[in-house]
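Given next are the chains, with one letter for each unit.
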Amino acid sequence: MQFPESWLRSFCNPALSSEQLADLLTMAGLEVEEVRPVAPPMTGVVVGAIVHVEPHPNADRLRVCQVDVGCGAPLQIVCGAPNARVGIRVPCARVGAVLPPGEDGRPLEIRLSKLRGVDSHGMLCSARELGLSDDHGGLLELAGDAPIGRDVREVLALDDRLFTLKLTPNLAHCLSVFGVAREVAALTGAPLHPPVIAPVPPRHDAVLPVRIKAPDLCGRFTGRIIRGIDPTARTPDWMVQRLARCGQRSISALVDISNYVMFELGRPSHIFDLDQIHGGLQVRWGRPGETLELLNGQTVTLDETVGVIADERGVESLAGIMGGQATAVSDATRNVYVEAAFWWPRAIAGRARRFNFSTDAAHRFERGVDPSTTREHVERITQLILQICGGEPGPIDDQVVHVPQPQPVKLRVARAAKVIGMPLTQAQCAEPLRRLGLEVAEGDGVLTVTPPPYRFDVQIEEDLIEEVARVIGYDRLPDTPPRAPVLPRVRPQAQRSPFALRRQLAGLGYQETINFSFVDERWERDYAGNPAPIRLLNPIASHLSVLRSSLLGSLLQVLRHNVDRRAPRVRVFEIGRVFRRDPAVPDGDATVAGIDQPLRMAGLAWGDAWPLQWGVRGRTVDFFDVKGDVEALLAPRVAHFEPAEHPALHPGRCARIVLEGRPIGVLGELHPRWRQAEGWSSAPVLFELDLAAVLTWPVPQAQPIGRHQPVQRDLAVVVREDVTHAQLMAAIEAAGQPWLRAAVLFDVFRPQPGTAGGIGAGEKSLAVRLTLERDEATLTEADIEAVLAAVLQSLQQRLGARLRA
């Protein structure tokens, strides 16, 4: 919210400088985002009256003006502005004046000059040349009674400053200049001077019939008919100036008056053209299919969730948001109906955004506007209309059907002292609340506070504690350093940091992503097989309504985003929490009862196995590429991969990852059903691991280098077709030979039909290279044969293998 400092000080003028006032407001919770002067520095610019104009003898577009600046003889000034004429008063920069910097960044000093042979003793200025606006279409015309020779800075109040506040939603009572002044008075103790609003006596008895059909939409509706106004009356300069400094341009006298009272007192209002209203008005909820052309030219289609003001023929206004074009005031308007109402915040919230626009009215009403002052505000608008546009007012029609009743809130003094962090007496808590206009009843260590109607934000004890702290001043709260012991947390040697893991994944070509923990419920059902996910009570969006129990859905969403932008190759990973129901989890400082929140790590690879190059033929990434990445992450520990099933993964290309006998995750291709649903040409390969298991890092142990040469022997055996690599390695390991250092499968042979070669139907040949080494002596041939015999025996017993002939 933006407003001029002078307007604020007209209501409350504490003995503080602009900077001190800005600091005071900021420390009280009304953050002052910017304080800037109304106009840039300038000197020597005064009010001048043009008393004579004649054409320039040597230039068609120039005029020679005689300008009275109150110093005796008029000054001769050459001017090219199209609106230079006798009788107007304009800013005149005399010789020696310094104007604001131009496009070159240097101030402009006015000197005696000669233009096309005619002397010019100064310069007549536009608003742009004074740095007031970008308008340079002509001279800046001042009021006809502006004192000749007076400094323009004084006449236009250019020494004023503009305050820009960044208000939080709970400070709706400060969305007006008077509301901010009320806070300043409470904070400083300076007297508050509210505007004098005297009742305007009616001059006729006409009343517009109004029916409130929706008390849950409108709690109070106040209106008045004013006849015989002059809509073409000129808005006074003081009002135009204040509106401009609030960021609102002048439109017409009636519209300006409505906007002025909104900025002044915080209540939006609306002025209808009375002659365009058919019958009476109805305040009700909209009906499906109704349409309304708004003042901004937009036509909207309504439904039963949008409040409206309607007459006998149709909708005339969006309640609390914007008026309609059909009843808008114009130069032909002669009779008007002034309306001020209390709209329930929940009935206005979000309606303007639904139609893709926002208004000052909706911004205020959806936060709450004082329901007790509609009558006074209609009187204030009437005052200004009669003062500027004339007219004859009728009686005020004030209907009160359903307004909020302030509810008392209790404040425990001991609780306030504990939360604020400083000792407080009961009087120190009660006095700030009374200064803020809250009704306080004192008890034994307890204050019972009844908020005024304009304080929609005071509902619980913490709200009152915040008010006490604001008035005391956040800058005055004591700085109490924590006294807890500071103990360094040294990471065990057997554990690596998550940052080291991130760097390793980046080295493997993966990029980190950070995603919401809130996901679409469909992801949980389809990708995690979770029919009862943990729901959010207040989701930030309708499609982000549950907490994720797996990271796979988030990575698939990232893949979709990149594929939609034609990314040829995607490698992404994420480290984050998942959320699962677990009755065994207790409630604690870092836990929630019944909810397990483990950290997981997941990755996804899609597209080409390698970036485009000439050295390797292109192919699509597959299961084994990503399996190699997982093995690299877990090295030097060796993981085992077992066939498994997962809702998100291909039933025949999915593996459970087992490390040291404990399952730690899954790996596999995306299920064909989900790949086809997304329309991807190839299936992404995904993995998800328990982060704690991946971070475990065995401490390296020094091993002596063998003094004797190792021996390698190849062993080819015939086994059934269904024997897996894991079963083969397990059988070799079960032989229990201490001299066996390694076993590597290096060949799989299936004969062509008709060339059995000793291999029957449903069988295959597996060739394994065994590495043997003895530390204390060289292996003899007998030792080697004994190891081979033991391995072959274990293969025969466990797998039914036989030595290939």
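Analysis parameters
- Residues numbered from 1 in each chain as written.
- Predicted model: local features only at pLDDT ≥ 70, side-chain atom pairs only at ≥ 80, totals over all residues.
- Heavy atoms only, no water.
- Helix = DSSP H or I, 4+ residues; strand = E, 2+ residues; numbered from the N terminus.
- Buried < 20%, exposed > 50% of the residue type's maximum accessible area, 1.4 Å probe, protein only.
- Salt bridge = Lys/Arg side-chain N within 4 Å of Asp/Glu carboxyl O.
- Phe/Tyr/Trp six-rings, centres within 6.5 Å; stacked < 30°, edge-to-face > 60°.
- Lys NZ or Arg CZ within 6 Å of the ring centre and 35° of its normal.
- Contact = heavy atoms within 4.5 Å.
- Pairing = 2+ DSSP bridges.
- Axes fitted to C-alpha atoms, helices over the stretch in contact; angles between N-to-C directions.

1. Topic: unusual backbone geometry
Here's step 1: The amide bond that connects Ala-635 to the next residue, Pro-636, takes the cis arrangement and shows omega of 10°.
Here's step 2: Relative to the elements of secondary structure, Pro-636 occurs in the loop between α17 (623-634) and β34 (640-643).
Here's step 3: In this structure, Asn-356 is a non-glycine residue whose phi angle is positive, near 65°.
Here's step 4: Considering the arrangement of structural elements, one finds Asn-356 in the loop between α8 (351-354) and α9 (360-365).
Here's step 5: The phi dihedral of Arg-566 is positive, around 65°, even though this residue is not glycine.
Here's step 6: Position of Arg-566 among the secondary structure elements: in the loop between α16 (552-563) and β30 (569-577).
Here's step 7: For Arg-566, a relative accessible area of 78% puts it in the exposed group.

2. A word on the pattern of salt bridges
Pairing is possible between side chains of opposite charge, provided their charged atoms come close.
Here's step 1: Here the structure, examined in full by the defined rule, presents 50 salt bridges.
Here's step 2: A salt bridge links Asp-159 to Arg-153, with the shortest nitrogen-to-oxygen separation between them at 2.8 Å.
Here's step 3: Between Arg-364 and Asp-360 there is a salt bridge, and its shortest N-O distance comes to 4.0 Å. On the criterion of helical spacing, the pair formed by Arg-364 and Asp-360 is a turn pair, its members being four residues apart in helix α9.
Here's step 4: For Arg-364, a relative accessible area of 5% puts it in the buried group.

3. Details of the packing of aromatic side chains
Aromatic ring pairs are described here by two measures, namely the spacing of the ring centres and the angle between the planes.
Here's step 1: The tally for this structure, following the rule as stated, stands at 12 aromatic pairs.
Here's step 2: Ring geometry for Phe-11 and Phe-178: centres 5.5 Å apart, planes at 80°, overall edge-to-face. Of this pair, Phe-11 sits in helix α1 (residues 5-11) while Phe-178 sits in helix α4 (residues 177-188), and the two are 167 residues apart along the sequence. Side by side, Phe-11 and Phe-178 carry an identical accessibility label, which is buried.
Here's step 3: Ring plane angle 85° and centroid distance 6.0 Å describe the contact between Tyr-527 and Trp-674, whose orientation is recorded as edge-to-face. Pair noted here: Tyr-527 is in helix α15 (residues 521-527) and Trp-674 is in helix α18 (residues 672-678), with a separation of 147 residues, a long-range link.
Here's step 4: The exposure class of Trp-674 is buried, given its relative accessible area of 13%.
Here's step 5: The ring of Tyr-454 carries Arg-182 above its face, with NZ or CZ at 3.8 Å from the centroid.
Here's step 6: We note Arg-346 situated over the ring of Trp-344; from NZ or CZ to the ring centre the distance is 4.7 Å.

4. Examining the environment of Val-409
Here's step 1: Mapped onto the elements of the fold, Val-409 is located in strand β24 (residues 409-412).
Here's step 2: For the pair Val-409 and Leu-464, spaced 55 residues apart in the sequence, the C-alpha separation amounts to 8.1 Å.
Here's step 3: Those residues within four positions of Val-409 in sequence are excluded, and the remaining contacts are Leu-447, Thr-448, Val-449, Val-458, Gln-459, Ile-460, Glu-461 and Leu-464.

5. What about the sheet that holds β34?
Here's step 1: Within the open sheet, the seven strands sit side by side as β27-β30-β33-β37-β36-β35-β34. Their pairing is mixed. Lying at the two open borders of the sheet, with one neighbouring strand each, are β27 (511-512) and β34.
Here's step 2: Two strands pair when backbone bridges link them, and strand β33 (residues 599-607) and strand β37 (residues 685-690) are joined in this way by six bridges, in the antiparallel orientation. Residue pairing in the sheet places Ala-605 in a bridge with Val-685 of β37.
Here's step 3: Contacts from α16 reach β30, β33, β36 (662-670) and β37, with the element oriented near 30° to β33.

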